[in-house]
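# Reading the structure
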Amino acid sequence: MPSTRNKQGRCYIYPTMKDLDLVSSESAQHWKKTLSDRLDPKWREDIDNFETDIVLKKKGKIEDRVFAETRLRMGAYGQRYDNGHRHDGNESRTIPFPTDLNKGPETKWDAPGMERIKLPWGGMSADQLDVMAELAEEYSDSILHITTRQDIQLHYIHIENCPSMFRRLAAVNITTREACGNSVRNVTACPIAGVCREEAFDITGYANAVFKYLLGHPDVQDFGRKFKIALSGCKHNPCGLTNIHDLGLTAVARPRPDGTVARGFEYVVGGGLGAVTYDAKLFSDFVPEEEVLALTQATCRVYARLGEKKKRHRARIKFLVADMGIDKFREAVLEERAKLPNDPRWTDFLATLPKFEEKPLRAAGKGIPKTNDAMFDFWCLTNVYPQKQDGFVTVTITLPMGDITSNQARALSDVARKYVKDTMRTTVEQNIVMRWVSEADLYNVYNDLKAIDLAEPGAASIVDITACPGTDTCKLGVSSSRGLAAELRTRLAVKFVEMDEAVRNLRIKVSGCFNSCGQQHIADIGFYGISRNVAGYIVPHFQMVLGGQFTNNGGSYGLATGGIASKAIPGVVDKLLDMYLHGKQKGEIFRAWVERTGKGVIMQSIADVAAVPAYDKDKSYYTDWGSVREYNVKDKGMGECAGEVVSLTEFGLKAADREIFDAQLKYDAGDIQAAGDKAYKAMLLAAQGLIKMFNIDISDDPERVMAEFRERFYDSKLFFDPIAGPTYANFYFGGHDERNAKLDKEKAGRRLKEAQIFLEACHNCNLRMSMGANKGKEGILAKPDAKA
C-alpha cells in the first residue's frame, strides 16, 4: 500500500479498495446494494460510517476504548467470556478465538456479542417482527429476547455481521443507534397507551417525538453515563414506571376556563435503581405539551455539562440531582432553557399526533365468547384487557423469560396480520401485547396462539417473572437469574390456578447482580445475585428484597432483607407466600404486611428452609441453576453498562479519520475531485473536534470553524508542533482557502497527504492537552465557554 511519513517518523498507511474486503462478503454486499436506497439518508450514513470504523479498527487506526463506545452507541454490546477465558469449575481455560484483535478493552474481536434493537414505546409491526425473526435465525441462536425497557436483544452476534443487520432493520424503520453506551437509551412508554381506560390522554405520539428529537442530537453526545426516559398515561398504574427513570413524564390533562383541556406532563428527574436506589424528584407538576421537547433538551444539556465524567459510579443524573438539590437543578435547567434558540421541531410534532391514533382491522365484538373451555376462560382472566373502545380488547402474549423463537415470532406476525393492524407492542414485563382484537375473534385468537405455544395464562401475575440475562450471557452476572426465574415459574405454575388472588397478583423479579436490570427493587419479592462463602466454598446466593411497589409507576422500593442460597429460594418463596396468606389482615397488601411483620421476624421464620447443607450432604447447593460446574465468580468480566467515556473531541477526530479513509478510496477509484473534497472535510472535522474542548456548540460552518480554530489553537500556539511549529496548521489553512478549487490528480494527492499529516497533528495536540503538557493553558481547558 502507498504510504508517507511525517517529521515525527510515523508511517501512514493509505488503504486501497481491496481493504473493504475485510468486512465484505457476498451476503453483506448483497444487503448493502439491495437496501441502501430504501434507508433514511442519515441512518444509511450512520451504518456506512460504522462499517468503515470496523475496517479502521482492524487496521489499528482506532483505540479499543473509542471503538468500544462507538459500537455501544450502535447497540453492539459485550457478552460473557468475551475476554477469551472461561472457568471450567477448576481452572480458567483460554477460548481459542481466531484472532487476537480486540473490539474494546479486554474484549476479543471474534467473541460473540449482543445486539440491542431499539423499539421506541415498544411499538412494532408484523413486518418488523418478521425481519427480527430472520436476523435471530441467521446471525444469532433463533431467540429474540425482550428486555425490561421494551427493546429486543439478539445474542451471539459477530461484530462484522452488524452492518448487514443494521441495514435490514433500517429498511423496516428500526434503528439500533444509541441503544447502548453513554446516550439516551430507548424511550419507553405504556404499552396500552391509547386504549387504556384510565389514561389522561394517549402519550404514544409524544414518546415518539422525544425519541426522534433526541436521536443523534448534538446535545446528548457528551453524557457521563446512560440516560433513560419513560412516559406514562396515568399516575397510579405501573405501565410506564416513570418514577424509576432519569426522566419521567406522566400525562396530565388540565381543564381550561373555556371548557377545553390543556395537555401537559408531570415532569420528574433523577430516579433510578442500580446498587443505590433514588426516588425521582418533582421538577414540575405541569409542563405544557409545547414545552416538553425544549425543557428536555435543556435538561440534557445541564446533565452533559455538570454531570460526573470520571467517577463512573456517580455519573448518572440521579447523583447530580441529589448533589445539587432539586431546586438548584431546576434553576440551572430553566436558565439553560431560556438561552436556547427556538427550534421549530419543539412544536411541529404536535400536528403529527393524529397519525398515532390506531384503527381496528375487524368490527367490534359484543362481549367475550362463551365457551366450555376452562383454560380459555382462565387465560381471559389474566391475559385480556378490555379497552376503552367498546368491543375490543388487548391480548398479552406471555413470554417466559422474555424469550420468543424465530419460528414463533413469524407465526405471531401471521396471527397479527389476520386479526389486527400494526398494533403490537413489547412491555416492560418482557411480554408482547396485541391491541385492537375484536371480542368476537378472541377465542379464535386464543386457539391460534395456542397452536404456536404462545397462549400461556398468567400475564402480570406471580408466574410472570421478570429476569435479566444474568450469568447466561452478561459479563457482570454473579448468579443465574434466568435459572432461578425458570425454576420458580415452573413450581408456581403447578398451583397457579388454585392460588388465592392476593398471592396470584404478586410480582417476582430477578437480577443476576445488583445493577437492577430485572427491576427487583419494585417487585413484591425481588432477588439480585450475590455470592457467599460457606465453610470455604463459594455458594451462589441472591439478596432478597421485599415489599417493592410496582404500581404508582414504581412508587417505592423494597427492603433488602438478607442473602439466600440460590437453591434454597424456591422453598423460601413458598414459606413467604404461606406466611403472607395466613398472616395478612383483611385487604392488607404484601408491602404493608412486610412492614408490619418486620425484617427480623421474616428472616427468623424462613431460617430453616434457607439453611445451606454441608458440601458432603448436598452438593447441589454448590452449583448454580442450569450449570454442571462447581460455582465460582471468576467468569465475571469488565461490564459495559457504563460505556466508555469518550470525549466529543475524540469522536470528532474519529470522524475525521473515517473521512480521510473514504477520501483515499475515492482517490484510488479515480474520483479525484471527491477525494480532494473529502480530504478537506476531514481537516474540517478534526479542527472542529479540537474546538469542542472549549465550545461544544461550535457550528458546522467552515468559516466559523476556521476562525475559532485560528483564535483558540493557532494564535495561542496550542496547536504548534514542538518541531514543526505552525506548519501543520498551514495545511488546513491552505485547504480551506482552496476548498472550492477544481483539483487534478496531483493536487488532490497532495491535499490527501497534507490532510493525513494535519489529522495526526490534531491527534498529537489532543494527547498533549489531555496529558497537561500545556500547563500554562490548563485554565482554558478547565473553564469551557459558558454557553457550552
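Parameters at a glance
- Residues numbered from 1 in each chain as written.
- Predicted model: local features only at pLDDT ≥ 70, side-chain atom pairs only at ≥ 80, totals over all residues.
- Heavy atoms only, no water.
- Helix = DSSP H or I, 4+ residues; strand = E, 2+ residues; numbered from the N terminus.
- Rg over C-alpha atoms; globule rule 2.2 N^0.38 Å.
- Buried < 20%, exposed > 50% of the residue type's maximum accessible area, 1.4 Å probe, protein only.
- Contact = heavy atoms within 4.5 Å.
- Areas by Shrake-Rupley, 256 points an atom, 1.4 Å probe, with all protein chains shown as cover.
- Lys, Arg positive; Asp, Glu negative; His and termini not counted.
- Charge placed at Lys NZ, Arg CZ, Asp CG, Glu CD.
- Pairing = 2+ DSSP bridges.
- Axes fitted to C-alpha atoms, helices over the stretch in contact; angles between N-to-C directions.
- Parallel < 35°, antiparallel > 145°, perpendicular 65-115°, else oblique.
- Left-handed = near helix turned anticlockwise from the far one by under 90°.
- Core = buried A, V, L, I, M, F, W, Y, C linked by side-chain atoms within 4.5 Å.
- Phe/Tyr/Trp six-rings, centres within 6.5 Å; stacked < 30°, edge-to-face > 60°.
- Polar contact = N/O pair within 3.5 Å; in protein donor to acceptor, adjacent residues only side chain to side chain.
- pLDDT = per-residue confidence, 0-100.
- Expected span 1.5 Å × (residues − 1).

A few words now on the overall build of the protein. Across its full length, the protein holds 26 helices and 26 strands. Whereas a compact globule of 788 residues would reach a radius of gyration of roughly 28 Å, the protein reaches 28 Å, a difference of no more than 12%. Considered along the principal axes of its C-alpha atoms, the protein spans approximately 85 × 75 × 55 Å. Within the span of the protein, comprising 788 residues, buried residues form 60% of the whole. Partitioning the contacts of the protein with sequence separation of at least 6, the portion at a separation of at least 24 is 70%. Here the protein displays about 31800 Å² of accessible surface, and carbon together with sulfur accounts for 51% of that area. Taken as two groups, the 108 positive and 106 negative side-chain charges of the protein have centres that lie 3 Å from each other.

Of all the positions in helix α24 (residues 727-737), only Tyr-728, Ala-729, Phe-731, Tyr-732, Phe-733, Gly-735 and His-736 are classed as buried. Next to the buried residues of α24 lie α22 (672-691), α23 (702-714) and α25 (745-770).

Another point: the sheet that holds strand β11 (residues 152-157). Read from one edge to the other, the open sheet built from five strands follows the order β3-β8-β11-β10-β19, with strand pairing classed as antiparallel. A strand with exactly one partner marks an edge of an open sheet, and here the two such strands are β3 (76-77) and β19 (403-405). Sheet topology places strand β10 (residues 143-146) next to β19; three bridges connect them, and they run antiparallel. In the strand pairing of β19, Leu-144 is matched with Ile-404.

This next bit is on the packing of α22 against α24. Between α22 and α24, the least distance of the axes is 10 Å, while the angle of their chain directions is 125°. Comparing the axis directions of α22 and α24 gives the class oblique. As for how α22 packs across α24, the hand of that crossing is left-handed. Residues Tyr-680, Met-683, Leu-684 and Ala-687 of α22 form the contact with α24, whose own contacting residues are Phe-731, Tyr-732, Gly-735 and His-736.

Here we come to the nonpolar core. Counting 127 residues, the largest nonpolar core has Met-132, Ile-229, Leu-231 and Leu-449 as the members making the most contacts within it. The biggest single contributor to this core is helix α7 (residues 292-306), with nine residues. Those residues in contact with Ile-229 that lie beyond four places of it in its chain are Arg-149, Val-184, Asn-186, Val-187, Thr-188, Val-210, Leu-214, His-245, Leu-247, Leu-249 and Thr-296. Ala-663, Tyr-667, Ala-679 and Cys-765 belong to the second-largest nonpolar core, a separate cluster that totals 44 residues.

As a further point, take the packing of aromatic side chains. Taken as a whole and judged by the stated rule, the model has 38 aromatic pairs. Ring centres 4.8 Å apart and planes at 45° place the aromatic pair Phe-223 and Tyr-303 in the tilted group. Highlighted residues: Phe-223 in the loop between α6 (204-214) and β13 (229-232) and Tyr-303 in helix α7, separated in sequence by 80 residues. Just as Phe-223 is buried, Tyr-303 falls in that class too. Plain terms: the ring middles of Phe-709 and Phe-719 are 5.2 Å apart, the flat faces sit at 70° to each other, and that makes the pair edge-to-face. On the criterion of sequence distance, the pair formed by Phe-709 in helix α23 and Phe-719 in the loop between α23 and α24 is long-range, its members being 10 residues apart.

Running from amino to carboxyl end, helix α4 (residues 126-139) crosses helix α5 (residues 162-170) at an angle of 165°, the nearest separation of the two axes being 10 Å. By the angle class used here, α4 and α5 are roughly antiparallel. For the crossing formed where α4 meets α5, the hand is right-handed. Of the residues in α5, those in contact with Val-131, Met-132, Glu-134, Leu-135, Glu-138 and Tyr-139 of α4 are Ser-164, Met-165, Arg-168 and Leu-169.

Within the open sheet, the five strands sit side by side as β22-β23-β24-β25-β26. Their pairing is mixed. Only two strands of the sheet have a single partner each, and these edge strands are β22 (466-467) and β26 (559-565). Bridge count between β22 and strand β23 (residues 508-511): two bridges; the pairing is parallel. What sits directly across from Thr-466, in β23, is Lys-509. Together, β22, β23, β24 (525-534) and β25 (537-546) form the strand contacts of helix α14 (residues 481-494), whose direction differs from that of β23 by roughly 160°.

So, on to the pairing of β13. For a regular strand, the rule is simple: side chains alternate between the two faces of the sheet. Side chains of β13 alternate between two faces, with Ile-229 and Leu-231 and Ala-230 and Ser-232 buried alike. For strand β12 (residues 188-189) and β13, the ladder comprises two bridges, and the chain directions are parallel. By the bridge assignment, Thr-188 is partnered in β13 with Ala-230. Of the pairings in the sheet, the one linking β13 to strand β14 (residues 247-255) comprises four bridges and is parallel in character. If you follow Ser-232 over to β14, its bridge partner there is Thr-250.

Counting through the fold element by element, Asp-258 comes out in the loop between β14 and β15 (261-269). Within the structure, Asp-258 has its side chain in polar contact with the side chain of Thr-260 (distance 2.6 Å).

With that settled, consider the confidence of the model for the protein. Across the protein, pLDDT averages 91, with 94% of residues at or above 70. A low-confidence stretch, residues 1-23 (pLDDT under 50), is modelled with 57 contacts involving residues beyond four sequence positions or located in other chains. Between residues 773-788, whose pLDDT stays under 50, and residues either more than four places distant or in other chains, the model counts 27 contacts.

Summarising the element assignment, Thr-471 is placed in the loop between β22 and α14. Thr-471 gets classed as buried once you look at its relative accessible area, which sits at 17%. Setting aside its immediate chain neighbours within four residues, Thr-471 contacts Arg-80, Gly-477, Val-478, Ser-479 and Ser-480.

What follows covers unusual backbone geometry. Although it is not a glycine, Glu-106 sits at a positive phi angle of roughly 55°. By the element assignment, Glu-106 lies in the loop between β6 (102-104) and β7 (107-108). The class of Glu-106 is exposed, set by a relative accessible area of 55%. The residue Ser-142 is not glycine, and still its phi comes out positive at about 65°. Topologically, Ser-142 is positioned in the loop between α4 and β10.

In this model, helix α12 (residues 406-419) (14 residues) spans 20 Å end to end at C-alpha, consistent with the 20 Å of a helix rising 1.5 Å per residue. For α12, every residue scored as buried is listed here: Ser-406, Gln-408, Ala-409, Ala-411, Leu-412, Ser-413, Val-415, Ala-416 and Tyr-419.

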